[in-house]
Amino acid sequence: MVTAVQDSPLTPDEVLRFVARLQASDLDVDAAAGIDLISALETVKCASVATQAVVTDAVATAISNERRERGKPKAQWHNGIASQIGLARRESPNRGGTHLGLARALVHEMPHTLARLKAGELNEWRAMILARETACLTVDDRRTIDARLCADPATLAGAGDRTIEGRARALANELDAASQVKRRAKAYAARRTSTRPAPESMGFFTVLTSMEKMVCMWATLRRDADTIINSGGDTRTRDQIMADLVFERITGASAAQGPPVTVDIVISDSTLLAGGDTSAYMHGYGDIPSDVARQLIRDTLDSETHVALRRLYAHPKSGALTAVESTSRAFPTALGRLIDLRDRTCRTPWCDAPIRHHDHIRPHSAGGRTSAENGAGLCAACNYAKEGEGWTAEAWRDKRNARHRYRLISPTGHSYDSSAPPMPVVELYSSTIENVMITGLFDDDAA
């Protein structure tokens, strides 16, 4: 039996005291008590998410109301709020926007879903499913589905993700079939491609498109792979052939020739020339084993692909990138390359998005220099958020390891730090060390 007592507003200190209790707990329990504890902790998680949603909506409302009262243009009322929510949750600004949207929906349009979340009967992902499947509906229709599915706790008791998704979608079709047509058009407008690393120096290339196009592409690849297999003489499997066909048809080159674009690999000189085992770094992918890097370079040197070497200077112990040898007369190009290689991804904490902008940490209008120290690689969303009212940033070199440090300060005064990742260097006790960047690998534009 659990009795709720509400005597005063919840404070951060109260929550952290409870967290400390969890962290210091002795978990010597039998199986039955352990299952009860797991269930109770799951309820805590769900109730915490519900409380986060209520607080998130309150924060967003307070910020936008304050800006409105100060006479700010309507277009600025909500600027940067999603970024603040993401940083507070230790997630990217994009995820912050998702959490903000969910909070708005739960608090203002889906009170029964919020109640089930508070009670621990729905988790955050299932609440997200309900919000997603009703997003194209009118507010009244969304509230109708919210009541029909979540007013009675027994309605979704024991239901899994697919069941909840299917029931919400069926009700949405029943109430407003036209909204589903709009939803499909909106989804198709979001078609895109993406990449992400996979184990063993592999990677996923993903295409999000309409169902009929996806089926058509798959059927075409399978048909052509079967034709190659049936012709005889090819030792590749069907899956290998299909993967190679994707590469050949996108790039116009055979799989054996390599990609006709520039790929940068950063590798220490001792790893490249003396067989060292320090990992290398492929820009746009991540760390790769030394043997794989050397093999890529050997294969490229054996081909007709243009290869160029550029020296990078890094701190001998920490791997902090300190300078880059430039072969270009256009200083901004070389500087941008240094920032890209130093930062790798967006420097906003918890945001792993690709770098799209080279930002002046101290604004140029305030006397900020166009330099590596005053530069940071940011994704477009983070750079636009940082330009909003009340955001500031600063940079410095960490005295312990000489790495570039970036501090982002939100309008509420909360600060978030990030450190540039190290270069792949061998730890030596000499004063300098050189990394070699193999640049122009697979570059078909080179003379």
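What you see is a predicted model; the values in this text were computed from it and never measured.

A look at the overall build of the protein
In step 1: For the protein, the count of helices and strands is 15 helices and 13 strands.
In step 2: Residues counted as buried form 35% of the 447 residues belonging to the protein.
In step 3: For the protein, the share of sequence-separated contacts (at least 6 apart) that also reach a separation of at least 24 residues comes to 56%.
In step 4: About 26,300 Å² of surface is accessible on the protein, with carbon and sulfur atoms providing 55% of the total.

Some details on empty space enclosed by the protein
Unoccupied space between atoms shows up once a probe the size of one water molecule is rolled over them.
In step 1: Applying the stated criterion to the full structure yields three cavities of 30 Å³ or more.
In step 2: Taken as a whole, the largest cavity spans an internal volume of roughly 60 Å³.
In step 3: Lining the largest cavity, in full, are Ser83, Leu87, Pro93, Thr348, Cys382, Ala385, Lys386, Trp391, Tyr406 and Leu408.
In step 4: Contributions of two or more residues to the lining of the largest cavity are made by helix H3 (81-88), helix H15 (380-386) and strand S11 (404-409).
In step 5: The greatest single-element share of the lining of the largest cavity, amounting to three residues, is contributed by H15.
In step 6: Put simply, the second largest cavity is a space of about 50 Å³.

Description of the nonpolar core
In step 1: In this structure, Leu106, Leu117, Leu130, Leu149, Leu156 and Ile164 are the most contacted members of the largest nonpolar core, which totals 27 residues.
In step 2: Of all the elements in the fold, those that place two or more residues in this core are helix H2 (31-69), helix H4 (93-108), helix H5 (111-118), helix H6 (124-133), helix H7 (139-150) and helix H8 (161-175).
In step 3: For this core, the element with the highest residue contribution is H6, accounting for five residues.
In step 4: Apart from the residues within four sequence positions on either side, Ile164 is in contact with Leu122, Arg126, Ile129, Leu130, Leu156 and Ala159.
In step 5: Among the nonpolar cores identified, the runner-up in size contains 13 residues, and Leu87, Cys346, Tyr406 and Leu408 belong to it.

Quick look at the packing of aromatic side chains
In step 1: Evaluated as defined, the whole model comprises one aromatic pair.
In step 2: On the basis of an interplanar angle of 75 degrees and a centroid distance of 6.1 Å, the ring pair of Trp350 and Tyr416 is categorised as edge-to-face. Residue Trp350 is located in the loop between helix H14 (331-343) and strand S8 (357-360), and its partner Tyr416 is located in strand S12 (residues 415-419); the two are separated by 66 residues in the primary sequence.
In step 3: Here the basic side chain of Arg68 rests over the ring of Trp77, its NZ or CZ set 5.4 Å away from the ring centre.
In step 4: The cationic tip of Arg196 hangs over the ring face of Phe204; the distance from NZ or CZ to the ring centre is 4.2 Å.

Looking at a nonpolar patch on the surface
In step 1: On the surface, a cluster of nonpolar side chains totalling about 750 Å² of accessible area is made up of Phe205, Val207, Met211, Met214, Val215, Met217, Val246 and Ile250.
In step 2: Among the elements of the structure, strand S2 (202-208), helix H10 (211-231) and helix H11 (238-251) are those that each provide at least two residues to the nonpolar patch.
In step 3: Broken down by element, the nonpolar patch gets its largest block of residues, four residues, from H10.
In step 4: Classification of Ile250 as exposed rests on a relative accessible area of 55%.

Some remarks on the confidence of the model for the protein
In step 1: This prediction gives the protein a mean pLDDT of 82; 81% of its residues lie at or above 70.
In step 2: Across the protein, element-level confidence peaks in H5 with a mean pLDDT of 97 and bottoms out in strand S13 (residues 433-443) with 47.

Digging into H11
In step 1: The terminal C-alpha atoms of H11, which comprises 14 residues, lie 20 Å apart, in line with the 20 Å expected from a rise of 1.5 Å per residue.
In step 2: Within the span of H11, buried status applies to Ile241, Met242 and Leu245. When H11 is viewed along its axis, its buried side chains cluster within an angular range of 100 degrees and face the same direction. In H11, those exposed residues whose orientation departs by more than 90 degrees from the buried face are Asp239 and Ile250.
In step 3: Buried positions along H11 lie against H10.
In step 4: Just downstream of H11, Gly252 is the residue with a positive phi angle, here 80 degrees.

Some remarks on H5
In step 1: Of all the positions in H5, only Thr113, Leu114, Arg116 and Leu117 are classed as buried. Along the axis of H5, the buried positions cluster into a sector of 160 degrees, meaning they face one direction only.
In step 2: Buried residues belonging to H5 abut H2, H4, H6 and H7.
In step 3: Downstream of H5 by a residue or two, Gly120 has a phi angle that is positive, lying close to 85 degrees.

Thoughts on the pattern of salt bridges
In step 1: Evaluated as defined, the whole model comprises 30 salt bridges.
In step 2: Here the residues in one salt-bridge network are Glu66, Arg70, Lys72 and Glu389, joined through shared partners.

So, the side chain of Ser418
In step 1: Its location among the elements puts Ser418 in strand S12.
In step 2: A polar side-chain atom of Ser418 sits 2.8 Å from the main-chain carbonyl oxygen of Arg347.
In step 3: In contact with Ser418, not counting residues within four places along its chain, are Arg347, Pro349, His404, Arg405 and Tyr406.

Points about the sheet that holds strand S10 (residues 392-397)
In step 1: Here we have three strands laid out as an open sheet, ordered S10-S11-S12, and antiparallel in their pairing. The open sheet has two edge strands, S10 and S12, and neither has a second partner. For this sheet, the mean angle separating the axes of adjacent strands, direction not counted, is 20 degrees.
In step 2: Bridging between S10 and S11 involves six bridges; their strand directions are antiparallel. Bridge pairing in S11 links Glu394 to Arg407.

Thoughts on unusual backbone geometry
In step 1: One non-glycine residue, Arg90, adopts positive backbone phi at about 60 degrees.
In step 2: Secondary-structure assignment places Arg90 in the loop between H3 and H4.
In step 3: At Arg344, a residue that is not glycine, the phi angle is positive and equals roughly 70 degrees.
In step 4: Following the sequence through the fold, Arg344 ends up in the loop between H14 and S8.

Rules behind the numbers
Note that residues are indexed from 1 along each chain, following the sequence as it is written. For this predicted model, a pLDDT threshold of at least 70 governs which residues receive local features, and a threshold of 80 or more governs which side-chain atom pairs are given and counted, while totals over whole chains, interfaces and linings are taken from all residues. Only hydrogens and water are removed before side-chain values are computed, so all heavy atoms of the structure are retained for them. Segments assigned H or I by DSSP are reported as helices when at least four residues long, segments assigned E as strands when at least two residues long, and all are numbered from the N terminus. Per-residue accessibility, obtained with a 1.4 Å probe over protein chains only, is compared with the maximum for each type, and a residue is labelled buried under 20%, exposed over 50%, and partly exposed between these values. Every residue pair with non-hydrogen atoms within 4.5 Å of one another is taken to be in contact. Computed with the Shrake-Rupley method and a 1.4 Å probe, the accessible areas treat only the protein chains shown as cover for residues. In the cavity and pocket records, a cavity denotes points on a 1 Å grid over the protein atoms alone where a 1.4 Å probe fits but cannot get out, a pocket denotes an open set with protein on both sides within 12 Å along at least 5 of 7 lines, and lining residues are residues with an atom within 4 Å of a point. Grid points are joined across faces, edges and corners, and a volume is the space filled by probe spheres set on the points. Nonpolar core, defined: a set of buried Ala, Val, Leu, Ile, Met, Phe, Trp, Tyr and Cys residues in which side-chain atoms within 4.5 Å join the residues together. Only centres within 6.5 Å qualify two rings of Phe, Tyr or Trp (six-membered ring in Trp) as a pair; their planes then separate them into stacked at under 30 degrees, edge-to-face at over 60, and tilted for everything else. Counting as a charge over the ring demands two things of the Lys NZ or Arg CZ atom: a distance within 6 Å of the ring centre and an angle within 35 degrees of the ring normal. Patches here: salt-bridge-free residues with over 30% relative accessible area, like charges joined within 9 Å, nonpolar side chains (Val, Leu, Ile, Met, Phe, Trp, Tyr) joined within 5 Å. Just to be clear on terms, a salt bridge is a Lys or Arg side-chain nitrogen sitting within 4 Å of an Asp or Glu carboxyl oxygen. pLDDT is a per-residue confidence score from the predictor, ranging from 0 to 100. Here the expected span of a helix is defined as 1.5 Å times the quantity of residues minus one. For this quantity, the arc is that covered by the directions from the helix axis to the C-beta atoms. Any pair of nitrogen or oxygen atoms within 3.5 Å is treated as a polar contact; in protein, a donor-acceptor pairing is required on top of that, and neighbouring residues in sequence qualify only through side-chain atoms on both sides. Paired strands are those between which DSSP finds at least two bridges. Geometry is summarised by axes, namely lines fitted to C-alpha atoms with helices restricted to the contacting stretch, and by angles between N-to-C directions that run from 0 to 180 degrees.

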